[in-house]
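Observations on the model geometry
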Amino acid sequence: MKEYNPHEIEPRWQKVWEETEQYKMEGDASKPKKYVLEMFPYPSGDPHMGHARNYSIGDVIARYNKMRGYDVLHPMGWDAFGLPAENAAIKHNGHPATWTYGNIETQRSVFKRMGLSYDWDRTVRTCDKEYYRWGQWIFLKMWEMGLVERRSNPVNWCESCHTVLANEQVTEGVCWRCGNPVERRELEQWYFKITDYAQELLDDLDKLEGWPERVKQMQANWIGRSEGAEVDFVLCDKDGNAPAEPTADDIITVFTTRADTLFGCSFFVLAPEYKGLKELVAGSEQEAAVLDLIAASEKVSAVERAQGDREKHGVFTGRYVVNPINGQKVPVWVADYVVADYGTGAVMAVPCGDQRDFEFARKYDLPIVPIILMEDEIAAMVEESGKTRDEVIAQFSAQTVDWAEAHAAEGTLVQSGKYTGMMGGKHSAGEEAIVADLEAAGTGRRKVEFRLRDWLISRQRYWGNPIPAIYCDDCGIVPVPYEDLPVELPMDLDITKGEQLADHKEFVECTCPKCGKPARRETDTMDTFTCSSWYYLRYCDPHNDQAPFDRELVNRYMPVDQYIGGIEHAILHLLYSRFFTKVLRDAGMLDFDEPFTNLLCQGMVKDENGETMSKSKGNVVSPVKMMDAYGADAVRTYILFMAPPDKDLDWNEAGLGGIYRFLNRVWRIVYDLMGQAGEETLYQPGSESQAAEAAKVLLRERHRVVGKATDDFERNNFNTAISAMMELANAAGDYLRKAAPAARDAELGRDVAETLVKLLSPMAAHMTEELWHTVLGHEDSVHEQAWPEFDPEKAKADEVELAVQINGKVKARITVAADAAEDAIIETALEAAANAIGDKTVVKKIVIPGRLVNIVVK
RNA sequence: GGGGGCGUGGCGGAAUUGGCAUACGCAGCGGACUUAAAAUCCGCCGCCGCAAGGCUUGUGGGUUCGAGUCCCACCGCCCCUACCA
């Protein structure tokens, strides 16, 4: 018997697989397709355990499905543009491309060493011009469709990365990449109008049955649909007089989900960034104070903004607006608790019904008029006054409150004109009635707001996909014609000297495609998330030089059947990709609505103390070092065995040794089952001869385990699938120990050996291939074999042990024939539990076949 | 503040539809083999108890013949999100 030596086996088979193009996709249209995809990596350096886990999961799913008879598409590529390459280039005095392509090669060699079954011919690298030209093409297409806009807005600026960021790339006020606080700046930037798709992006979440609930919830929260109404307030002139015939310019509109509280509006608030605010106060005595507040709020960092209970600051503008519901004039304030980019940037303040307005009113001594009462308050008033409930509500006339906080919940409206007595709250009768009346009067209308903002896609960075646009003094902003693509990223630029695209004369200077006059090229590049929003489509047709992809091919392989990646992309990449898919569908380029049918978010790999691994903590476990010690098969199998794929796991090397021992045991068992173990057989002369029984158990286990493992593979429960294989190995070991080599059943031996090897082949790809050839004597690859069949009948035992419970507590055990009648089972059970029953009366007998008998006594 | 999730031995975890809690593995303990060690193989291994037996899935209650699983309250931990009107 040869010894198990992964270090010899693994490179040898990797070479064979490469030479025979083992994992090149079949493209066999007669088979059903299966697209298995792992989120492609950023080429940041050596792969870490998170990568190893992600790609082990994907590889097992791909290999399993191939054995199940699918035409499997399983590609790999690199998300290769991005800022770290620029930082590394500066640090190492080189070029971002050198660092990027070098890291890609490093990662590729590690992935090959892991034995991952990729069709390398389909590799996509987003920094290749053969790829990014089609990103530009899609940009132009979107421009044509009216989904690209360049406009001025307050944006998130990261000084450390020296670029603007999308909303999705700022969490708790800090930049997602470098962790530095972002600033607000008013800048002109490029946007994708993702908000045009907000409703569909929300609605279609319901179609994604194969997605984790929490990811869908996170996307729904991010899209943030909110139903309410717009209400028009009329601005009074500087002397506080309402215009007799207000024009559009005199109207300030607010968005509210609580139109029912309109009677409680005692002031009005604008965001500091509110457009037209400066004109509003120009020349007034309040002007200086308002400008001070604007300046102060600009300085407040986003980190501070993100902190929960911040102190609210505001000043009176000196102006008034008229409340359309009751004609009341209320003062207009400016305050930093109103955000400019949600709703209209203006709010009606109802301090009695909104905690923020309440706090603000308390601080600045503004009126808090109670217009909503809770049921317990009404009950107390009824009790105290002796009046009826209706009288209490109708006669309520307090002008201020002694509450500790606002009444934000549902309650009864008071002091609200004809709406008094109606229920108030979101979607309440009172709200419906008031909005209906506002609509009739033309001073309000139903409105749905979304929290989702348009996607800011321009970046002031070199290492990215150039935006194909040209500035012409005469023609304005002009798209680069399709036939001029790609706009190539110049490579002769020294970013170590701080050069950016704008400094590159030959790149910037161009002619206007419309009028032919000298013009300037756009020097911003696209957010790298635009590159990763469609790469999965390109894999279907990676070498196409006529189009981003062929429609037929994409329609055949898409959508991705199983997508695997980290939860950190729950919003970012997964939302953007859904958006791109819908846009390209509307462009007529594909025929489906959603890109990813099933999504698996793998858990994080942490160190043995449950801490996240990081270079600064010095607790990083290298997959390469682990493979050096135990081989790729053991590392792959172990990482799947440790925990279900979606749970975090704490790395522990001792367990890896256990898996290595398991692979070793399988190795010896296969040799032994095939009669090739010689002296090293597990047979123990002198052990009791129960060979026949062990053979029976082994046959049963062979069928039971295939059934169990198949089910587990279908549910991505790889940890329990491996447990089941261990059980089969244990049964085989028991058989081998008890049955003398000469007396063994050769047919059973080969069946079990081949079954075990096939079951294990998606994980331990090299070892099983070696056994398949050398011990089992096959010429073809184990990875080309059909998944083993099983017979549920053969998985059944002829006798079963049942627990006998008295009132739900196990008191005895009985063994009965598997097909025993219920009466017979009860009789046996009553006998076995006679002591426990004693002189009590049996009131009920419950038999759960194959499991237990419960006898209820009194 | 809002939303979501989790809590099972010394450890990772299993229990798929409400049906024998702790499968499988790690660690530990004992044994075989060995001059010895490693490797391998066998056995034990939730807690209390000498035992009979009793107890046990964060805590307390409920539904049920039967609850880790369903319902209610509480405690603890984790993740996401946030002046969103």
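All values derive from a computational prediction rather than experimental measurement.

Parameters and conventions
- Residues numbered from 1 in each chain as written.
- Chains lettered and ligands numbered in written order.
- Predicted model: local features only at pLDDT ≥ 70, side-chain atom pairs only at ≥ 80, totals over all residues.
- Heavy atoms only, no water.
- Pairing = 2+ DSSP bridges.
- Helix = DSSP H or I, 4+ residues; strand = E, 2+ residues; numbered from the N terminus.
- pLDDT = per-residue confidence, 0-100.
- Buried < 20%, exposed > 50% of the residue type's maximum accessible area, 1.4 Å probe, protein only.
- Right-handed = clockwise from strand over helix to strand, strands pointing away.
- Near = heavy atom within 4 Å.
- Polar contact = N/O pair within 3.5 Å; in protein donor to acceptor, adjacent residues only side chain to side chain.
- Nonpolar A, V, L, I, M, F, W, Y, C, P; charged D, E, K, R; others polar.
- Arc of directions from axis to C-beta.
- Contact = heavy atoms within 4.5 Å.
- Axes fitted to C-alpha atoms, helices over the stretch in contact; angles between N-to-C directions.

Spatially, the 3 strands line up as an open sheet ordered S19-S25-S20, and their pairing is antiparallel. Where the open sheet ends on each side, the last strands, each with one partner, are strand S19 (458–459) and strand S20 (465–466).

Taken over all residues, the pLDDT of chain A has a mean of 91, while the share at 70 or more is 99%. Complex prediction metrics read pTM 0.93 and ipTM 0.94.

What follows is about the pairing of strand S27 (residues 599–602). Burial along S27 is two-sided: Leu599 and Cys601 and Leu600 and Gln602, pointing in opposite directions, are all buried. The pairing of strand S26 (residues 562–566) with S27 spans 4 bridges and is classified as parallel. Among the inter-strand pairings, glycine 565 is bridged to a residue of S27, identified as cysteine 601. Crossover connection from S26 via helix H19 (residues 572–586) to parallel S27: handedness right-handed.

The next subject is the protein's contact with RNA strand B. Around RNA strand B, 57 residues are found, and the nearest of them are Tyr342, Arg356, Lys708, Arg737 and Arg813. By atom count, sugar and phosphate contribute 63% of the portion of RNA strand B lying within 4 Å of the protein. At 2.9 Å from a base nitrogen of RNA strand B is found a main-chain nitrogen or oxygen belonging to valine 339. At 3.1 Å from a base nitrogen of RNA strand B is found a main-chain nitrogen or oxygen belonging to glutamate 801. Top element by residues in the surface near RNA strand B is helix H24 (residues 718–738). It accounts for 7 residues. Its residues assigned to classes, the surface near RNA strand B shows 20 nonpolar, 15 polar and 22 charged.

Among the residues of helix H27 (residues 822–832), Ile825, Ile826 and Ala829 are the ones counted as buried. Projected down its long axis, H27 shows its buried positions confined to an angular sector of 100 degrees, all on one face. Across from the buried face of H27, at angles greater than 90 degrees, the exposed residues are Asp823, Glu827 and Glu831. Where H27 is buried, its residues touch strand S30 (799–806), strand S31 (809–817), strand S32 (842–848) and strand S33 (852–857).

This brings us to the sheet that holds strand S21 (residues 469–472). Across the sheet, which stays open at both edges, the 4 strands sit in the order S22-S21-S24-S23 with antiparallel pairing between neighbours. Looking at the sheet topology across the chains shown, the edges are occupied by strand S22 (476–479) and strand S23 (509–511). Strand-to-strand, the axes of this sheet are offset by a mean angle of 45 degrees, without reference to chain direction. Sheet analysis places S21 next to strand S24 (residues 518–521), joined by 2 bridges and oriented antiparallel. Residue pairing for S24: tyrosine 471 is matched across the bridge by arginine 520.

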